[in-house]
Amino acid sequence: MNPFIEIITQPDNIAIVIMVFMVTFFMVWAFQQAFQNDRLLAAGLPVDGENDRFVDTFKPLVRIELIIAIVVMVGLTIWSIAVDAPLEEIANPTITPNPAKAPWYFLGLQELLVYFDPWLAGVVLPSLIVVGLLAIPYIDINPKGNGYYTFSERKYAVIIFSFGFFVLWLLLIVIGVFFRGPGWLWYWPWQEWDHSRVVFEPTRDLTALIGIDSRSLPGFIIGALVVGSYMVGGMIAPYRYWKKNNPELLTQLGMVRYVTIVFLFITMMAIPIKMVLRLVFLIKYVWITPWFSV
Amino acid sequence: MKSLNDITGSVKKNLIWKSIFRRDYRNTVRDRAQAVFGNVFLHLHPVQVRESAVKLRFTWGMGGITFFAFIILVITGVVLMFYYHPSIDQAYTDIKDLEFQVPFGVILRNLHRWGAHFMVIVVMIHMFRVFMTGSYKAPRQFNWGIGVILLVMTFLLSFTGYLTPWDQLGFWAITVGTNMGAATPLLGYQGPFSEYLHITPYNDVRFALLGGAQVGGNALLRSYIWHCVAIPLFATILMFVHFWRVRKDGGISKPQK
Ligand code: HEM
């Protein structure tokens, strides 16, 4: 069978195919409503739902809930009749499958292991995702766009969240499920998995580019400077920019909120940056310390 | 011949019927309200809602669908528990029995498995909807937070369930997953700075998760208890707080400009 068909029809992967379709559908629906409301806003008209009346719960709402419940139940039943949940061989600590994959919704994090050490990819970044999500309502002080779909009134919030949600979370999951084979190597869907394939990718550390051993003292100092200036520069740059262009925003935000937002943002952006460094420039570490490496 | 009306009429006069439904339903405003707040399940709803709560295009019904998926999982999960022992000698064969011996065992297991995948998908879409409508803004900040914890609970529910069949898939997924615990800064034996706290493979986070240094019988028992008792209990409580707050925060959000 065509390897691509084989991969997407594996029983557990059908869920991911369903997810891709559902997520795409709701993404389009959300943005379509956002743009529609944006047109209304531009014309000074009330947005969808603004002039809602009240209706009884019993009948309209209870009825639609019942219908949805039946549709979901029927759908899941068909799915369960059509596809059987696999049961693999009994657990055997001596036979390691290759690749050994985490559950699918954590594959984005497993993918990060290519670019970061486990303490970052598996512990610190996931914790920061949760912290970041919890922080959203408190750091987004834009009062607009409360209770309706809109893009124009909260461009940055929507772009940043969508980037995190669709690219860094969902796209990495899809890559982990469909494009990663033995040795966590990249396989196109039409390629056969080859368990003896070894890819020798000579990676190096950032300071090696200028001929300095990353494990030497100068290497350590340069690495610290690079990481430090990314963090410090990342902290200062938006401040300078807003100070000049939107000083009001800075006063509204205040110190704590500003630091939280910018810290979360530059940490998030460190992920694609490190991915490019690794994939394009074959750089493994930027900074090596005796305790950890980044 | 009695007509249908006569029959329903006499049924409704029956003592048992009356004791259950307390009063007749006449499709008046009063009775429609009564139907909602007189019923322990329906009274999660307000008596009246804004139209957008009824129009699918605003909420997509996603929170409700997530809750419904959870209910399906609780029901199928409880039935599965009748056929399952959380021990490494029996777990795997119990699942095999489910496949080959138990009537409708395959469908039962499939429903639980696909239902779990489904719940993870829809809870993420629900979060996306809440973000896109800006419904986390005042006064709903706290409920967004409850939601985030529920999202984590959903992942953990699915994750702890992975190990229970005791097959290669679950075993290695849990091995890969819990190895991350070993990398925790300070508290995992491979994590940065842990040597200063004298952390070893026998006293770190991973050991606490697994009840051992390897995925074994203790890990199976632990994940089973987390999966079937502790997390569902905690998640249920949080869901009711979540629903309560949806109402106390003024119902489904509406445009505030
Ligand atoms: C087990 C998981 C969850 C369940 C069962 C659940 C259920 C619900 C339900 C039934 C509603 C009513 C409106 C609707 O259906 O959209 C709702 C609203 C809401 N949910 Fe969730 N939810 C869950 C997870 C989450 C998550 C992950 C978030 C966000 C991170 C979240 C944030 C909210 C907020 C802020 C509202 C109010 C929305 C509004 O007023 O428009 N919930 N939830």
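Everything numeric in this text was worked out from a predicted model, so none of it was measured. (Residues numbered from 1 in each chain as written. Chains lettered and ligands numbered in written order. Predicted model: local features only at pLDDT ≥ 70, side-chain atom pairs only at ≥ 80, totals over all residues. Heavy atoms only, no water.)

**A short note on the overall build of chain B**
What counts, and what does not: Secondary structure follows DSSP: runs of H or I at least 4 residues long count as helices, runs of E at least 2 residues long count as strands, and numbering of each begins at the N terminus. Two things to know: the radius of gyration comes from C-alpha atoms, and the globule rule equals 2.2 Å times the number of residues to the power 0.38.
Counting its secondary structure elements, chain B contains 12 helices and 1 strand. Listing every helix and strand of chain B by position from the N terminus yields α-α-α-β-α-α-α-α-α-α-α-α-α. Taking 2.2 N^0.38 as the reference for a compact globule, 257 residues should give roughly 18 Å; the C-alpha atoms of chain B span a radius of gyration of 24 Å, well beyond that estimate. For chain B, the C-alpha atoms occupy an extent of roughly 80 × 55 × 30 Å along the three principal directions.

**A look at the interface of chain B and chain A**
Threshold: Throughout, a contact is declared for two residues whenever any of their heavy atoms are within 4.5 Å. The quantity reported as buried area is the accessible area (1.4 Å probe) lost by two parts once they are put together, taken as the sum for both. A carboxyl oxygen of Asp or Glu within 4 Å of a side-chain nitrogen of Lys or Arg is what we treat as a salt bridge. Here a polar contact means two N or O atoms within 3.5 Å. Within protein one must be a hydrogen donor candidate and the other an acceptor candidate, and residues neighboring in sequence count only if both atoms are side-chain atoms.
With 89 residues of chain B at the contact, the number on the chain A side is 93 residues. For the pair chain B and chain A, the two sides together bury roughly 8700 Å², of which 70% comes from carbon and sulfur. It is Trp114, Met132 and Gln168 of chain B that lose the most area in chain B upon contact with chain A, and together they represent 9% of the buried surface on that side. Across the chain B-chain A interface, the total number found is 6 salt bridges. For the salt bridge of Arg53 of chain A with Glu51 of chain B, the shortest nitrogen-to-oxygen distance reads 3.1 Å. At the junction of chain B and chain A, the tally comes to 46 residue pairs in polar contact (both at pLDDT 80 or more). Per element, the largest residue contribution to the side of chain B that touches chain A is 20 residues, and it comes from helix α8 (residues 105-132) of chain B.

**Observations concerning the pattern of salt bridges**
For the record, the criterion: Classification of residues uses two cut-offs on accessible area relative to the type maximum, computed with a 1.4 Å probe and protein chains only: under 20% is buried, over 50% is exposed, and between them is partly exposed.
The final tally for this structure, using the stated rule, is 11 salt bridges over all chains. Across the pair Glu111 of chain A and Arg180 of chain A runs a salt bridge, and its minimum N-O distance is 2.6 Å. On the criterion of sequence distance, the pair formed by Glu111 of chain A in helix α4 (residues 107-112) and Arg180 of chain A in the loop between α6 (155-178) and α7 (217-245) is long-range, its members being 69 residues apart. Its salt-bridge partner being Arg245 of chain B, residue Asp249 of chain B comes within 3.3 Å of it at the nearest N-O pair. Here Arg245 of chain B falls in the partly exposed class, since its relative accessible area comes to 25%.

**Structural notes on the site of the ligand**
All names here are of chain B. Just so we agree on the cut-off: Near residues are defined by distance, with any heavy atom within 4 Å of the molecule or strand qualifying the residue. Gly counts as polar in this scheme, as do all residues outside two lists: the nonpolar Ala, Val, Leu, Ile, Met, Phe, Trp, Tyr, Cys and Pro, and the charged Asp, Glu, Lys and Arg.
Lining the immediate surroundings of the ligand are 26 residues, of which His126, Arg129, Gly147, His242 and Ser253 lie closest. The backbone of Gly64 places a nitrogen or oxygen atom 3.5 Å from an oxygen atom of the ligand. Here an oxygen atom of the ligand sits 2.8 Å away from a polar atom, N or O, in the side chain of Ser253. Only α6 (62-81), α8, α9 (141-163) and α12 (217-248) provide two or more residues apiece to the shell around the ligand. Each residue belonging to the shell around the ligand can be placed in one class, and the counts come to 13 nonpolar, 11 polar and 2 charged.

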